[in-house]
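For reference, the chains in residue letters:
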Amino acid sequence: KKVSNVSDLTSRDRNSIWHHISPYNVKNPPMVVEEGKGSWITDAQGNRYLDGMSGLWCVNVGYGREELALAAYEQIKKLAYAPMTMSHEPAIELAEKVNEMLDDDYMIFYSNSGSDANEVAFKMARQYHRQNGEVDRHKFISRYRAYHGSSMGALSATGQSMRKYKYEPLIQGFLHVSPPDNYRKPDSITEEDYNLQRAEELENTIIWEQKETIAAVIMEPVITGGGVLIPHPIYVEKVQEICHRHGVLLIIDEVICGFGRTGKKFGHQHFGIKPDIVTMAKGLTSAYLPLSITAVRKDIYETFKNGDDTSHFRHVNTFGGNPAACALALKNIEIMEHENLYERSAESGDKLLQGLDDLKNHPFVGNLRGIGMIVGIELVEDKTTKEPASKERLAKIISDCKDNGLIIGKNGDTVAGYNNILTLSPPLSSSEEDVEFMIAVLQKVFSENQS
Ligand code: PMP
C-alpha cells in the first residue's frame, strides 16, 4: 500500500464537489479512485477492488484499454470536433456498424447520455404521430420501478418515486403500469399467465386512456436499476403485439442492456422483437467517453423527409456524435467482437449464478436471478411473507463485500419499500479468476451474516 494524500483529497472533494445524492457523512466519504485495469480499480490509498458494478453498469470491456485511449487520441489529433450539421467518417462507420448489429433497418441519431437518447426518442415519437395526422398521440407509458434517466422527460418516464417526488410537477402525459416481478407473482397462477396479465394491464391502460392519445411505450428489455426484473418472453412479445395493434410506438431502452450486458448484443434480441426505436449509451463506449444513440426505424425516419419546415426534427446537440467518442465506440465494439464478449457475458453470467446457487438456502436470500452479466440477489426478512430486507441488512452486506475487495450495488425504490435487491454486474471481460473471486467473496460475506 502506498501512502498518499488521501485525506487531503477527501477533504478537498468534500469542500468542492456535490456528489449525486447528498453531502457524505464523516464515516462514509466517497472513495477517491485512481486507476483501473481489467475488472479492478485502485483507490488513492492503493486498495484494490473488483468493480462488480462496472462503474454504473457501463465499463463493459473493463478498465485500462490502451487501444481505446489510442483510438480517441488519434481521432482528436486528426479532427477533434464536427457539429451535427456536418458529417465525419467515425460517425458514419459507427452508424453502419450499430445498424448491422440490430435486426432491422434503422437511422442513427447521436447524443451524449442515456437521458438524452430517451428525450430524443420522446420528441421523435410525438412528432412522428403529428406529421401522420394523429395529433393527439402525445402520452407515454412506462413501468413502475424502471429508470430512464434524470432529465425532466426521462425522469417523468422513470417509475421510481424516490427519484421524482421532490421535483414535481413533472411532465404531463407520462403514465405507468406494473412490470412483471416473477418472484412476487401470486402462487395461484403460472408465470406465463401472470406475465400475460401484466401485458393486459398495459393494454387496459392504452384503452382506458384512449388509444388515440398514446404516442409510445418505453421499456427496458430487463428492468435493471429497478431491481433486475426479468420478464417471461411471452410478456415482451405480447407488449409488441399490443403496441402494433393500437398504433403505439415501442421504444426499447438498451442503455444498460445493450452491448452484451445480457449475453446478446442487445437485450431485446432475447425476445425476437423489432422495436420502433432503440436507445443506447453506457456500453456503447464502455463509458470511456460520453456518447449515446437513438436508433429509429427507417420507415419512421422516412416520414420526416418531406422537405418542408414542419418535418424538420428540431433537436440540436453540440457534443452529439463527437468524433473521438465515435472512433472509440468503434474500437470498443471491435474489442467485444474480437474477444467474443457477448458469448462470454452469457457464459460468465451462468457461472456466477451457478456459483452463487446455494445462497438460495441463506435465511435472507429470497431470490437469486440473472441474465448475462446481470445478477440480482433479493433480500427479505422472511422467506414466507417476502417482506423486503431492512436497509441496514443490505448496507452490512455491501460494506462487508467492500472490506473483502468487492464492490456490489443496491437497487430498487426506497419510497415504495422495495430497495432490497443487491446487484452484481461486472465487466463482460472479467476473467475466470475474477468470477471465482466474486463468488468466493459473496459466499464468505453471506456465511458471516446469518442473523
Ligand atoms: N436508461 C437506463 C435504463 C439507465 O440505466 C440509465 C442510467 N443509469 C439511463 C437511461 C440514463 O442514462 P444517463 O445517466 O447516461 O443519462
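Residues numbered from 1 in each chain as written. Predicted model: local features only at pLDDT ≥ 70, side-chain atom pairs only at ≥ 80, totals over all residues.

Under the annotation held in an unreviewed UniProt entry, the chain carries the name Aminotransferase YhxA and is attributed to Oceanobacillus kimchii. Per its UniProt entry, the chain bears the Sequence similarities (unreviewed entry) comment "Belongs to the class-III pyridoxal-phosphate-dependent aminotransferase family." (UniProt positions renumbered as here; feature names shortened; annotations may be inferred.)

Interface size is commonly expressed as the accessible surface area that is lost when the partners come together. Segmentation of the chain into domains returns domain 1 (6-61 + 340-448) and domain 2 (67-338). Inter-centroid distance (C-alpha atoms) of domain 1 to domain 2 is 26 Å. The interface of domain 1 with domain 2 comprises 32 residues on the first partner and 29 residues on the second. Going through the elements one at a time, α2 (54-57), α11 (341-355), β11 (365-371), β12 (374-382), β15 (409-413) and β16 (418-424) are the ones with two or more residues in the side of domain 1 that touches domain 2. Residue composition of the side of domain 1 that touches domain 2, by class: 15 nonpolar, 13 polar and 4 charged. (Domains from an automatic or database assignment. Contact = placed C-beta atoms within 7 Å. Helix = DSSP H or I, 4+ residues; strand = E, 2+ residues; numbered from the N terminus. Nonpolar A, V, L, I, M, F, W, Y, C, P; charged D, E, K, R; others polar.)

Here we have 4 strands laid out as an open sheet, ordered β1-β2-β3-β14, and mixed in their pairing. Looking at which strands have only one partner, the edges of the open sheet turn out to be β1 (33-37) and β14 (406-407). Pairing between strand β2 (residues 40-43) and strand β3 (residues 48-51): 3 bridges, direction antiparallel. Within the sheet, the bridge partner assigned to Trp 40 lies in β3 and is Leu 50. (Pairing = 2+ DSSP bridges.)

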